[in-house]
Amino acid sequence: MGERKIKSDTDIFVHDLVDVITDLRNYLVSLNHLGLDYYGPIDNSLWLPPQMPVVMDERKKIPDPRYSKAILLERLRKKIGDCHKCRLGETRTNLVFGEGNPDADIVFVGEGPGRDEDLRGRPFVGAAGKLLDNMIRAMGLERKDVYIGNIIKCRPPGNRNPAEDEIEACFPYLEEQLSIISPKVICALGKFAAQTLLDTNVPISRLRGRINYYTPSIAMDKKISIPVVPTYHPAYLLRNAGQKKVVWEDLKLVMELAGLGKKE
Ligand code: URA
């Protein structure tokens, strides 16, 4: 794998065409979700964003198992190792890489590990995690069906907000994970995840309830554009149960984009 090498004018043309189609698709889907559905309902079989290409074993004509998403994630985990790119490496108990189905259609992204996650080395295993599990079950799925990660992989002492240089050091790892998994949709949990993925300061109350788009900044084989549905963080929901109704609306949008059909 590596950066795509453009060899000919035809290649450049196809590359540009993919960009134009992606932008057009994004525009039509946004119109659709503003209620202007003159082009009909979302049909993911037609409108999937460009995904990571599958590397084929040319001799056997099957996907090459050496490049399965599970193996690529494992390799990334090994590459990260005992990371000390920022000061959080000194204070964490465990680095929390993320977990779940490498072939998931849905990835949930939170902020960063809290105390429980730091102790166990797994994302969302505390009180907020229990609520996230319930949200996933309400969608008709199990935790093992989706992938769960965080913007940063190590707990900031005392659960303080991550500093800018810590995000800068760590976010590229998540970008690589998202490029490998290449899900149909990302559900950004809370302001911090949504604003980092979308590179914006727009408040979560304005980002949620609609489709936004994330493009990994690291160059993979093709331009990948992944729909992002921001919603409130489960920890916020624990303190503001009245917002559960709007979160359910967001989760229904996630399901629709994942091709799980419309839920009432
Ligand atoms: N909150 C987060 O944002 N992530 C976790 O993994 C746990 C709590």
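Predicted model only: the values in this text are computed from it and were never measured.

So, how was this worked out
- Residues numbered from 1 in each chain as written.
- Predicted model: local features only at pLDDT ≥ 70, side-chain atom pairs only at ≥ 80, totals over all residues.
- Heavy atoms only, no water.
- 1 Å grid on protein atoms, 1.4 Å probe; cavity = no way out; pocket = protein on both sides within 12 Å on 5 of 7 lines; lining within 4 Å.
- Points joined across faces, edges and corners; volume = space filled by probe spheres on them.
- Helix = DSSP H or I, 4+ residues; strand = E, 2+ residues; numbered from the N terminus.
- Nonpolar A, V, L, I, M, F, W, Y, C, P; charged D, E, K, R; others polar.
- Pairing = 2+ DSSP bridges.
- Contact = heavy atoms within 4.5 Å.
- Axes fitted to C-alpha atoms, helices over the stretch in contact; angles between N-to-C directions.
- Polar contact = N/O pair within 3.5 Å; in protein donor to acceptor, adjacent residues only side chain to side chain.
- Near = heavy atom within 4 Å.
- Areas by Shrake-Rupley, 256 points an atom, 1.4 Å probe, with all protein chains shown as cover.
- Phe/Tyr/Trp six-rings, centres within 6.5 Å; stacked < 30°, edge-to-face > 60°.
- Lys NZ or Arg CZ within 6 Å of the ring centre and 35° of its normal.

**Here's the deal with empty space enclosed by the protein**
Consideration 1: The tally for this structure, following the rule as stated, stands at one cavity of 30 Å³ or more.
Consideration 2: In this structure, the largest cavity occupies an estimated 110 Å³ of space.
Consideration 3: Residue lining of the largest cavity: 15 residues in total, with C83, C86, L88, C154 and C170 positioned closest to the centre.
Consideration 4: Elements supplying a minimum of two residues to the lining of the largest cavity: α4 (88-91) and α7 (164-181).
Consideration 5: By residue number, the principal contributor to the lining of the largest cavity is α7, which donates four residues.
Consideration 6: Broken down by class, the residue content of the lining of the largest cavity amounts to nine nonpolar, two polar and four charged.

**Examining the sheet that holds strand β7 (residues 212-214)**
Consideration 1: A sheet is described by the order of its strands in space; here six strands give the open sequence β3-β5-β4-β6-β8-β7, paired in mixed fashion. Whereas interior strands pair on both sides, the edge strands pair on one side only; in this sheet they are β3 (99-100) and β7.
Consideration 2: The pairing of strand β6 (residues 185-189) with strand β8 (residues 226-231) spans four bridges and is classified as parallel. Residue L189 lies in a different strand from β8, and its bridge partner there is T231.
Consideration 3: Along the sheet, helix α11 (residues 244-257) contacts β4 (106-110), β6 and β8; its crossing angle with β8, the most-contacted strand, is approximately 165 degrees.

**A short note on the layout of surface pockets**
Consideration 1: Each pocket or cavity is described by its volume, and for the largest pocket that value is around 1,000 Å³.
Consideration 2: As for the largest pocket, its lining consists of 38 residues, of which E111, G112, N161, P162 and F192 are closest to the centre.
Consideration 3: Every element with two or more residues in the lining of the largest pocket is listed here: α5 (115-120), α6 (127-138), α7, α8 (190-198) and α10 (234-239).
Consideration 4: In terms of residues, the lining of the largest pocket owes the most to one element, α8, which gives five residues.

**Here's the deal with the side chain of R208**
Consideration 1: Examined against the element boundaries, R208 turns out to sit in the loop between α9 (204-207) and β7.
Consideration 2: Reaching out from R208, the side chain makes a polar contact with the side chain of D250 at a distance of 2.8 Å.
Consideration 3: Contacts of R208, omitting those with residues within four sequence positions, involve P230, T231, Y232, V246, E249 and D250.

**Focus: the environment of P123**
Consideration 1: Assignment of secondary structure puts P123 in the loop between α5 and α6.
Consideration 2: Separated by 25 residues in sequence, P123 and G98 have C-alpha atoms that sit 5.9 Å apart.
Consideration 3: Residues in contact with P123, not counting those within four places in the same chain, are V96, G98, E99, E117, R143, I148 and N150.

**So, the site of the ligand**
Consideration 1: If you check the shell around the ligand, you find G110, E111, G112, E117, P123, F124, N150 and H233 and nothing else.
Consideration 2: Within the contact set of the ligand, an oxygen atom lies 2.7 Å away from a backbone nitrogen or oxygen of E111.
Consideration 3: One of the side-chain nitrogen or oxygen atoms of H233 is found 2.9 Å away from an oxygen atom of the ligand.
Consideration 4: When the ligand is considered free in solution it has 240 Å² of accessible area, and contact with the protein chains removes 91% of it.
Consideration 5: Residues of the shell around the ligand, tallied by class, amount to two nonpolar, four polar and two charged.

**Observations regarding the packing of aromatic side chains**
Consideration 1: This structure, assessed with the given rule, holds one aromatic pair.
Consideration 2: For K85, the ring lying beneath its charged end belongs to Y173, and the centroid distance is 4.4 Å.

The quantities given are spatial measurements derived from coordinates; they are silent on function.
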